[in-house]
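So you can see what is in the structure, the chains are spelled out below.
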Amino acid sequence: MIASRKSIQGRIFTLLLILQAALIVTGGAVRLTGSGLGCPTWPECTPGSYTPVPHQAEGQLHAWIEFGNRLLTFLLFFTAIAAFILSLRISKNLIYKKRLRLLALFQILGIFGQAILGGITVLTDLNPIPVAGHYLLSIALITGAIKLRYEVVGNEMQSVSPLLQTIIRIQIALTILVLIVGTVVTGSGPHAGDLKARRFGFDPQIVSWIHADLVIALTIFVFVTFLMLKDLSGPLRKMTSIFLLVILSQGAIGYIQYFTGLPELIVGVHLLGSTLVWITAWSLFEILGIKL
């Protein structure tokens, strides 16, 4: 009975993580289909209506793609509420009950922040700064969701040498840089979400090269970590192997999209890959139980 209850609780926190990641992917779909202003105002979709209306100037397809992304935020919010209620019940017998409750509360507050930032994005006609902030806040919320899930479901932790801990800290710093520069690449490229949206104004080729160099550096560090763990077994080696596979796949997709003129489908897969990169990167921290 207890195991069954824990399984249900774990599914709620797993769903929270999945939905946080899904919000990034659907947000990318909005941008890649040119639907960023499908709902041209906020919090309403069109003036006088919270939902798309027939024959609106932006077109029904663009309107419903954008509105669908807004609806996912509501599903995510209710899931976060359920996770917070569970955290109040579960944490009665946990040593780290305060941290668990704060993590769950952060999810709710962060979703509110996402909604407000989304509104700013729409009202500023998809200015690349709030667009980048929208993505990076989602990455922060994914981090909290991962921590919540590990706190509740538990994980087999491993100890490693201080040197390896330092290398993994460098990995996480490089991953953050890769994601931040990735938003600059996106904000300088062609997929703005709408024809009249502003761009950062940087040379797309140069920022793409910087982004690629950071990915190469990260790949080297992950490969070194993999070699240092060759004589160990357990979740750390397994997660490092997954991280290396994800990084190599993401790098390959990045080069494919660059040399094929940034086709929307490949760009969307690359966006999904960036989410998986962060999930695997941060999971290493949770397995090691180390702090930044």
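So, here is what we can say about the structure in this document.

Thresholds, definitions, all that
- All residue numbers refer to position in the chain's written sequence, counted from 1.
- In view of the model being predicted, local features appear only for residues whose pLDDT reaches at least 70, and side-chain atom pairs are presented and counted only at 80 or more, with totals across whole chains, interfaces and linings using the full set of residues.
- Where side-chain values are given, they derive from all heavy atoms of the structure, hydrogens and water being excluded.
- Under the DSSP-based scheme used, a helix requires at least four consecutive residues in state H or I and a strand at least two consecutive residues in state E, with every element numbered from the N terminus.
- Atoms counted for the radius of gyration: C-alpha only. Globule rule: 2.2 Å times residue count to the power 0.38.
- Lines fitted to C-alpha atoms define the axes here, with helix axes fitted over just the stretch in contact, and angles between the N-to-C directions of these axes take values from 0 to 180 degrees.
- Working definition: roughly parallel below 35 degrees, roughly antiparallel above 145 degrees, roughly perpendicular at 65 to 115 degrees, and oblique for all remaining angles.
- Handedness of a crossing is defined here by the sense of rotation of the near helix relative to the far one, left-handed for an anticlockwise turn of less than a right angle and right-handed for a clockwise turn.
- Classification used: nonpolar for Ala, Val, Leu, Ile, Met, Phe, Trp, Tyr, Cys and Pro, charged for Asp, Glu, Lys and Arg, polar for all others including Gly.
- Only rings of Phe, Tyr and Trp enter the pairing, Trp through its six-membered ring, and a pair is recorded when the two centres are within 6.5 Å. The plane angle decides the type: under 30 degrees is stacked, over 60 is edge-to-face, the rest tilted.
- Three exposure classes are used, based on accessible area relative to the maximum for each residue type with a 1.4 Å probe and protein chains only: buried under 20%, partly exposed in between, and exposed over 50%.
- Any residue with relative accessible area above 30% and no salt bridge may belong to a patch, with like charges joined within 9 Å and the nonpolar Val, Leu, Ile, Met, Phe, Trp and Tyr side chains within 5 Å.
- Methods summary: accessible areas were calculated by the Shrake-Rupley approach with a probe of 1.4 Å, and residue burial reflects only the protein chains presented.
- Throughout this description, the term salt bridge denotes a Lys or Arg side-chain nitrogen within 4 Å of a carboxyl oxygen of Asp or Glu.
- Here, two residues are considered to be in contact whenever any of their heavy atoms come within 4.5 Å of each other.
- In protein, a polar contact requires one atom able to donate a hydrogen and another able to accept it; more generally it is a pair of N or O atoms within 3.5 Å, and residues adjacent in sequence count only if both atoms are side-chain atoms.
- Cysteine sulfurs are considered disulfide-paired once they come within 2.5 Å of each other.

**Some words on the overall build of the protein**
1) Next: The number of helices and strands found in the protein is eight helices and zero strands.
2) Next: In the protein, the succession of helices and strands from N to C terminus is α-α-α-α-α-α-α-α.
3) Next: Since a compact globule built from 292 residues should have a radius of gyration of about 19 Å, the 20 Å found for the protein is in line with a globular shape.
4) Next: With the C-alpha coordinates of the protein rotated into their principal frame, the extents come out at 60 × 45 × 25 Å.

**Topic: the packing of helix H7 (residues 235–259) against helix H8 (residues 264–288)**
1) Next: Where H7 contacts H8, the axes come no closer than 9 Å and their chain directions differ by 160 degrees. Looking at the two axes, H7 sits roughly antiparallel to H8. Note on packing geometry: the crossing formed by H7 with H8 is left-handed.
2) Next: In terms of residue class, the contact of H7 with H8 is built from 18 nonpolar, nine polar and no charged.

**Regarding the packing of aromatic side chains**
1) Next: Enumeration according to the criterion identifies eight aromatic pairs in this entry.
2) Next: Seen in terms of ring centroids, tryptophan 64 and phenylalanine 67 are 5.4 Å apart; in terms of plane orientation they differ by 90 degrees. Their pairing is edge-to-face. Here phenylalanine 67 and tryptophan 64 lie together in helix H2 (residues 60–90), a separation of three residues that amounts to about one turn.
3) Next: On the basis of relative accessibility, which here comes to 10%, the residue phenylalanine 67 falls in the buried class.
4) Next: In this structure an aromatic cluster arises from ring pairing among Phe77, Phe78 and Phe112.

**Description of a nonpolar patch on the surface**
1) Next: On the surface, a nonpolar cluster with roughly 1100 Å² of combined accessible area is contributed by Leu163, Ile206, Trp209, Ile210, Ile216, Ile220, Val224, Met228, Tyr255, Tyr258 and Phe259.
2) Next: Those elements that place two or more of their residues in the nonpolar patch are helix H6 (204–228) and H7.
3) Next: Relative to the helices and strands, methionine 228 resides in helix H6.

**Describing the environment of asparagine 127**
1) Next: Structurally, the position occupied by asparagine 127 is in the loop between helix H3 (97–123) and helix H4 (128–153).
2) Next: A relative accessible area of 12% places asparagine 127 in the buried class.
3) Next: Taking C-alpha positions, asparagine 127 is 32 Å from arginine 169, a pair spaced 42 residues apart along the chain.
4) Next: When near neighbours in sequence (up to four residues on either side) are disregarded, asparagine 127 contacts Thr121 and Arg198.
5) Next: There is a polar contact of 2.9 Å between the side chain of asparagine 127 and the backbone nitrogen of isoleucine 129.

**Focus on the state of the cysteines**
1) Next: In this structure the tally under the stated criterion is one disulfide.
2) Next: A disulfide bridge connects cysteine 39 with cysteine 45, and the sulfur atoms are separated by 2.1 Å. The S-S bond linking cysteine 39 to cysteine 45 shows a torsion near -75 degrees; that makes this disulfide left-handed. Comparing cysteine 39 with cysteine 45, the two get one shared label, buried.

**So, the side chain of serine 87**
1) Next: Mapped onto the elements, serine 87 comes out in helix H2.
2) Next: Exposure remark for serine 87: the relative accessible area of 0% places this residue in the buried category.
3) Next: Of note is the side chain of serine 87, whose polar atom sits 2.5 Å from the backbone oxygen of phenylalanine 84.
4) Next: Once residues lying within four places of it in the same chain are set aside, the contact partners of serine 87 are Phe13, Leu100, Arg101 and Ala104.

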